[in-house]
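# Notes for the structure review
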Amino acid sequence: MAGARGTRNAEAATARPGKRLADPEPELEPEHEPERDEAGPPSSRTEVVSTQDEDEYAEDSSDEEDVRNTVGNVPLEWYDDFPHVGYDLDGKRIYKPLRTRDELDQFLDKIDDPDYWRTVQDRMTGRDMRLTDEQMALVQRLQRGQFGDVNFNPYEPSVDFFSGDLMIHPVTNRPADKRSFIPSLLEKEKVSRMVHAIKMGWIQPRRPRDSTPHFYDLWAQEDPNAVLGRHKMHVPAPKLALPGHAESYNPPPEYLPSEEERLAWEQQEPEERKLNFLPRRFPSLRAVPAYSRFIHERFERCLDLYLCPRQRKMRVNVDPEDLIPKLPRPRDLQPFPTCQALVYRGHNDLVRCISVSPGGQWLVSGSDDGSVRFWEVATARCMRTVTVGGVVKSVAWNPHPTICLVAAAVEDTVLLLNPGLGDRLVVGSTDQLLSAFTPPEEPTLQPARWLEASEKEQQDSLRLRICHSKPVTQVTWHGRGDYMAVVLAAQGHTQVLIHQLSRRRSQSPFRRSHGQVQHVAFHPTRPFLFVASQRSVRLYHLLRQELTKKLMPNCKWVSSMAVHPAGDNIICGSYDSKLVWFDLDLSTKPYKVLRHHKKALRAVAFHPRYPLFASGSDDGSVIVCHGMVYNDLLQNPLLVPVKVLKGHTLTRDLGVLDVTFHPTQPWVFSSGSDSTVRLFT
């Protein structure tokens with residue numbers, strides 16, 4: 001019984017008649033009435049707020065304080081970067097409330113809280129405030145354009161201060177000023193100044209404007225005082241030609257056309273006729289009829305005068321030699337190769353590719369006769385011949401000085417050869433490096449297969465065989481000698497593969513294809529890969545795996561590409577006989593386009609040390625150019641052609657197929673369709 005009585009007392013205390021749980025909503029306009037769920041119970045927050053509005057001091061306690069911001073008329077944007085928004089009456093900071101509510105919480109408040117529509121945020125304290133009915137009525141009056149005070153009547157009758165009746169006494173009996181009946185000295189001085197200015201002619205009196213328009217004769221005499229006489233570029237109107245014998249009413253017999261001449265004149269176009277009329281003979285001047293084309297000719301004459309350009313073209317007297325840029329003399333740009341020194345003979349078919357060892361002592365060449373030959377550069381002596389049994393499309397000597405290895409592309413295989421030339425320690429360390437590889441326990445799926453050479457093949461210098469699914473068209477080494485890029489004659493994203501020699505791993509770096517790949521090259525110092533397709537050159541960042549730049553050579557078909565040793569400039573050769581120079585820091589468009597060759601370019605190359613680059617073409621010539629790249633970024637590269645080297649004979653309409661420079665000397669090697677390799681020094 002005691003428990004039940006306590007429960008009933010608590011319920012009675014909760015719902016005592018002195019306090020209502022919720023105020024009735026004020027009558028508002030329909031557009032401001034919030035949507036409310038009639039079946040849903042009122043929220044607890046509504047009850048608390050409404051109870052406080054009913055009796056403000058019913059549940060007041062001594063702990064609650066009046067939070068009032070005392071910052072004064074200060075822009076609140078100054079407190080955006082601080083955790084507080086001002087100071088209260090005691091000088092303590094008023095901290096901003098934590099705004100951890102997201103848009104979902106605000107939407108739930110909007111649905112559940114019936115007072116959400118009348119709750120605003122106080123910017124001075126950062127707290128939410130519920131507007132009272134009086135404040136809501138004030139806002140609605142201001143929205144309707146009414147006065148804020150509800151008791152103000154804007155239409156009160158005006159009280160007329162003056163009655164309109166004539167009174168005896170004046171409103172004020174103040175005596176008149178002395179200045180009201182004495183002339184002003186200031187105005188007198190101003191008037192005297194204006195009279196003096198009119199006398200001196202400084203001020204012109206206003207004259208009535210003449211409304212008639214002014215015309216002047218466009219073709220008046222060249223009077224220097226006339227309007228047109230002062231124009232230096234004025235051209236006088238051309239005079240009409242005086243009438244000749246053909247215009248006479250009684251011309252001589254030789255001016256009268258015959259019947260055949262009259263028919264030929266009628267069949268001619270009006271622009272092709274010598275005369276725009278046919279001469280006729282009349283017995284007397286009185287018998288001459290009115291001219292039928294008079295109005296037409298007058299109109300054409302007016303058109304000629306109206307549409308004629310009235311300006312003299314000033315011819316600039318410039319010597320054509322001055323327009324040609326001043327290039328330095330070739331003798332000032334030495335050294336560069338000037339003459340043929342050696343011819344390397346031994347192949348039986350066209351030599352497609354050549355490569356020089358890093359030290360410059362040995363030369364390797366690949367031919368269509370199915371052999372790879374190693375030559376001594378200084379003596380043109382063939383040191384070794386390796387028969388590979390297929391057309392050699394590309395050869396590349398490993399650029400690392402401590403690795404003696406040559407990559408040769410034969411059909412769908414890349415052969416790694418150790419020619420055994422030069423330092424025996426380097427040759428032995430290369431074989432030791434290849435034999436130190438241990439295959440992984442779980443072989444991974446790769447786009448190429450690495451096969452060891454047999455003992456017989458190893459005696460013929462073959463060490464490794466990398467087999468692909470498609471024919472290989474090019475092979476090139478990275479500058480450090482561990483990575484190698486190959487180009488396959490295939491469609492799709494597997495046209496370019498990158499092989500790692502030390503781990504015998506192959507990977508395809510691209511996910512999709514951007515056309516048929518013609519040539520690839522590594523950047524000399526940075527992790528970039530240049531990929532040349534038929535119409536563009538793309539620069540990829542290998543670490544970030546993203547496209548960095550796309551160069552547009554404006555050529556029909558790119559055939560070859562070479563990268564400057566500094567890495568900031570590249571050259572591209574094309575089958576439409578253009579050599580394009582790109583400055584990567586300047587633009588994605590060509591810096592210079594050189595059209596020195598008559599036929600298609602097959603190969604281009606940069607010298608590793610000297611400012612030289614060369615191009616080989618199907619016209620059988622090698623053109624050597626001076627290409628100086630300055631360290632000053634504000635100075636453009638200097639490109640000067642210095643020498644045309646000839647020596648190869650054309651075979652099957654093919655000329656020079658590959659060019660490469662000696663690594664240390666200003667020498668250039670070229671291989672041609674005449675089965676020879678030539679050295680120019």
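Residue numbers here run from 1 along each chain, matching the order of that chain's written sequence. Only residues with pLDDT of at least 70 are given local features in this predicted model, and only at 80 or more are side-chain atom pairs given and counted; all residues enter the totals for whole chains, interfaces and linings. Based on all heavy atoms of the structure, the side-chain values leave hydrogens and waters out of the count.

### What to know about the nonpolar core
Nonpolar core, defined: a set of buried Ala, Val, Leu, Ile, Met, Phe, Trp, Tyr and Cys residues in which side-chain atoms within 4.5 Å join the residues together. Only protein chains enter the area calculation, which uses a 1.4 Å probe; residues under 20% of their type maximum are buried, those over 50% are exposed, and those in between are partly exposed. In this structure, V414, L416, V475, W477, M484, V486 and L501 are the most contacted members of the largest nonpolar core, which totals 21 residues. Going along the chain from the N terminus, every DSSP run of H or I of four or more residues is numbered as a helix, and every run of E of two or more is numbered as a strand. Within the residue set of this core, elements represented by two or more residues are strand 11 (406–410), strand 12 (413–417), strand 14 (462–467), strand 15 (472–477) and strand 16 (483–488). The contact definition used throughout considers only heavy atoms, calling two residues in contact when any of these lie within 4.5 Å. If we skip the residues at most four places from it in the chain, V414 touches A407, A408, L464, R465, I466, H468, V472, V475, M484 and V486.

### Brief notes about a nonpolar patch on the surface
Note on patches: the residues involved have over 30% relative accessible area and no salt bridge, like charges join within 9 Å, and the nonpolar side chains Val, Leu, Ile, Met, Phe, Trp and Tyr join within 5 Å. Residue exposure ignores everything except the shown protein chains as possible cover, and the areas themselves are Shrake-Rupley values with a 1.4 Å probe. Each reported salt bridge corresponds to a side-chain nitrogen of Lys or Arg within 4 Å of a carboxyl oxygen of Asp or Glu. On the surface, a cluster of nonpolar side chains totalling about 560 Å² of accessible area is made up of M194, I198, M200, W202 and I203. Within the secondary structure, W202 is located in the loop between helix 5 (185–200) and helix 6 (259–267). In this structure W202 comes out as exposed when scored by relative accessible area, which is 60%.

### Comments concerning the sheet that holds strand 28 (residues 612–617)
Any two strands with at least two DSSP bridges between them are considered paired. Taken together, 4 strands build an open sheet; the order of strands is 27-28-29-30 and the sheet is antiparallel. This sheet does not close on itself; its edge strands, each paired only once, are strand 27 (601–606) and strand 30 (638–646). Neighbour to neighbour, the strand axes of the sheet diverge by 20 degrees on average, direction disregarded. Bridge analysis of strand 29 (residues 621–628) against strand 30 gives 8 bridges, and the strand direction is antiparallel. Of the residues in strand 30, the one forming a bridge with C625 is P641. Every axis in this analysis is a line fitted to C-alpha atoms, fitted for helices over the stretch in contact. Angles between the N-to-C directions lie between 0 and 180 degrees.

### Here we look at the side chain of S365
Tracing the chain through its elements places S365 in strand 7 (residues 362–367). When its relative accessible area of 0% is taken as the criterion, S365 is described as buried. Looking at S365, its side chain comes within polar contact range of the side chain of H347, at 2.7 Å. Within 3.5 Å is the distance limit for a polar contact, defined as a pair of N or O atoms, with the added protein rule that one can donate a hydrogen and the other accept it, and that residues adjacent in sequence qualify only through two side-chain atoms.

### Observations regarding the UniProt feature "repeat: WD" (unreviewed entry) in the protein
UniProt positions are given in the numbering used here, feature names are shortened, and annotations may be inferred rather than shown by experiment. Under the present numbering, the feature "repeat: WD" (unreviewed entry) in UniProt falls on residues 344–385 and 594–624. Here residues 594–624 is 0% helix and 55% strand, with 12 Å between the C-alpha atoms at its ends.

### Some words on the pattern of salt bridges
Under the counting rule described, the total for this entry stands at 17 salt bridges. One salt bridge in this structure joins D133 and R118, with 3.1 Å as the shortest N-O distance. Separated by 15 residues along the polypeptide, D133 in helix 4 (residues 133–143) and R118 in the loop between helix 3 (103–112) and strand 3 (119–121) bring together distant segments of the chain. Judged by relative accessible area, D133 falls into the partly exposed class, the value being 39%. As a salt-bridge pair, R262 and E266 come within 2.8 Å of each other at their nearest N and O atoms. Taken together, the residues R262 and E266, both in helix 6 and 4 residues apart, mark about one turn of the helix.

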